[in-house]
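If you want the building blocks of each chain, they are given just below.
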Amino acid sequence: MRNVALLGASGSIGKQTLDVLRRLRDFRLVGISVHNNTEALAEIYSEFKPRYVVITGKARPPEGVRALYGREGLVEMASADDVDVVVVATNGIIGVFPTIEALKRGKRVALANKETLVAFGPFVKEVSPLGELVPIDSEHSSAFQLLNGVKREEVKRLILTASGGPFRTWPKERIARARPEDALKHPTWSMGAKITVDSATLMNKGLEVIEAHFLFDLPPDKIDVRVHPQSAIHAILLLRDNSLKMHVSRPDMRIPIQYALTYPDRVEMDIPPYLPPDFEEVVFTLEMPDTERFPALSLAYRALRLGGTYPAVLNAANEVAVYAFLERKVPFYGITDVVERIMEENPYRNEDTFEGYLQADRWARRRAEEVIERYPLR
Ligand code: NDP
Ligand code: MG
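Please read all numbers here as calculations on a predicted model, not as lab measurements.

S.K.: Explain the pattern of salt bridges to me, and be specific about the residues and the numbers.
M.R.: With the rule as written, the count across this model stands at 33 salt bridges. For Arg-22, the salt bridge is made with Glu-47, and the minimal N-O distance between the two is 2.7 Å. Here Arg-22, found in helix α1 (residues 12-23), pairs with Glu-47, found in helix α2 (residues 38-48); they are 25 residues apart in sequence, far enough to count as distant. Given the relative accessible area of 43%, Glu-47 is considered partly exposed. Connected through shared salt-bridge partners, Asp-19, Arg-22, Arg-23, Glu-47, Asp-252, Arg-254 and Asp-270 make up one network.

This is the structure:
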């Protein structure tokens with residue numbers, strides 16, 4: 001029996017993890033965290049009766065339940081001796097604290113939260129050999145599986161696929177006028193609001209390139225992106241002998257979630273394969289991403305190449321700008337305008353301590369708010 005703590009249990013990944021846990025034998029949910037959702041907390045609690053309940057926001061604990069609170073609560077749960085696997089499915093950078101503590105104690109971290117790795121990559125990488133870091137993000141789960149048994153020097157390139165989002169075929173002038181409700185219509189994946197907007201800008205793929213760099217120790221020029229509207233191929237490896245290895249499944253996050261829990265074992269799933277008889281024929285298309293219409297991807301590569309705190313600053317500014325777009329304070333291209341401006345200003349470029357990265361993150365959020373107040377930029 002393996003004991004699981006699920007951080008962000010009320011979210012999109014959180015709910016799908018619960019679904020996987022309901023069917024999976026040999027795993028027991030012993031801890032959960034939620035932010036504001038009192039109702040979801042009550043429901044999950046009454047079904048699973050976890051030992052640990054952590055509240056990071058304004059949610060209220062169920063009657064008679066003693067909860068832990070905030071960042072300290074997440075860390076306490078993630079480092080408890082009776083927790084074996086920590087699933088990190090919160091939003092934002094708070095995930096970095098329990099991730100690092102759990103790895104230090106030799107636990108498995110099944111990581112969905114990409115912001116953690118993007119902003120604090122060097123620090124997570126430093127402690128990841130002490131435990132087991134298994135990605136949940138579908139492209140990285142696929143890459144993780146494709147790289148199994150492959151030597152790093154045999155890898156010519158890792159290609160991550162992007163669905164292209166709802167604006168894949170839209171001309172730039174139309175994208176410029178896109179509203180939040182347009183951006184929230186994802187063609188293939190069903191996800192939380194923030195990541196759905198990131199998929200529309202392609203920032204999601206930019207964050208994933210950075211994530212892949214830290215997870216797999218590959219330089220930026222060995223990581224590439226192709227737009228693949230079917231979202232069936234999640235990652236492709238180009239190998240030394242020019243053969244390609246690709247990983248294909250239905251776009252359903254329960255597949256990589258389950259694998260991150262059961263790895264190195266693989267167990268049955270009730271999701272059909274991406275193959276006939278369901279499909280008359282299977283067509284896979286791969287297109288070059290258009291960085292003219294989707295500048296976020298270039299910004300992310302720039303942040304990765306500049307290194308240091310730049311990915312943290314990119315991530316923080318993007319998060320603030322995405323919520324501003326959802327609140328209709330900036331237009332769609334306002335998101336990347338703000339991110340670019342904040343990166344240019346980054347006064348924390350020479351920081352190399354964890355505390356310095358945290359300061360860079362806080363500065364970028366504050367500065368992004370200011371810049372948004374005065375939008376449009378000059
Ligand atoms: P959701 O918005 O659906 O859920 C987020 C979860 O985190 C909720 O449980 C929420 O609690 C909690 N939460 C929100 N804000 C905070 C905060 N400031 N501190 C702590 N907890 C918080 O997001 P998703 O499930 O879509 O995504 C979660 C993470 O996984 C993100 O980092 C995302 O990039 C990554 N990811 C998601 C994928 C997907 O398919 N959804 C795919 C790959 C990666 P409450 O409900 O109580 O507010
Ligand atoms: Mg992904």
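S.K.: With reference to specific residues and values, describe the sheet that holds strand β4 (residues 68-69).
M.R.: With parallel pairing, 7 strands are arranged side by side in an open sheet as β4-β3-β2-β1-β5-β6-β7. In the strand order of this sheet, the two ends are held by β4 and β7 (132-135), each with one partner. Relative to strand β5 (residues 85-88), strand β1 (residues 2-7) runs parallel, the two sharing 4 bridges. In the strand pairing of β5, Ala-5 is matched with Val-86.

S.K.: Lay out unusual backbone geometry with the relevant residues and their values.
M.R.: Cis rather than trans, the peptide bond between Tyr-263 and Pro-264 has omega equal to 5°. By the secondary structure assignment, Pro-264 is in the loop between α11 (254-262) and α12 (296-306). Residue Pro-376 is bonded to the preceding Tyr-375 through a cis peptide linkage, with omega at 0°. With respect to the secondary-structure elements, Pro-376 resides in the segment after α15 (354-373). The phi dihedral of Asp-26 falls on the positive side, at around 70°, and the residue is not glycine. Structurally, Asp-26 can be placed in the loop between α1 and β2 (27-34). Of note, the phi angle at Lys-49 is positive, near 45°, even though the residue is not glycine. Position of Lys-49 among the secondary structure elements: in the loop between α2 and β3 (52-55).

How each quantity is defined
- Residues numbered from 1 in each chain as written.
- Chains lettered and ligands numbered in written order.
- Predicted model: local features only at pLDDT ≥ 70, side-chain atom pairs only at ≥ 80, totals over all residues.
- Heavy atoms only, no water.
- Salt bridge = Lys/Arg side-chain N within 4 Å of Asp/Glu carboxyl O.
- Helix = DSSP H or I, 4+ residues; strand = E, 2+ residues; numbered from the N terminus.
- Buried < 20%, exposed > 50% of the residue type's maximum accessible area, 1.4 Å probe, protein only.
- Pairing = 2+ DSSP bridges.

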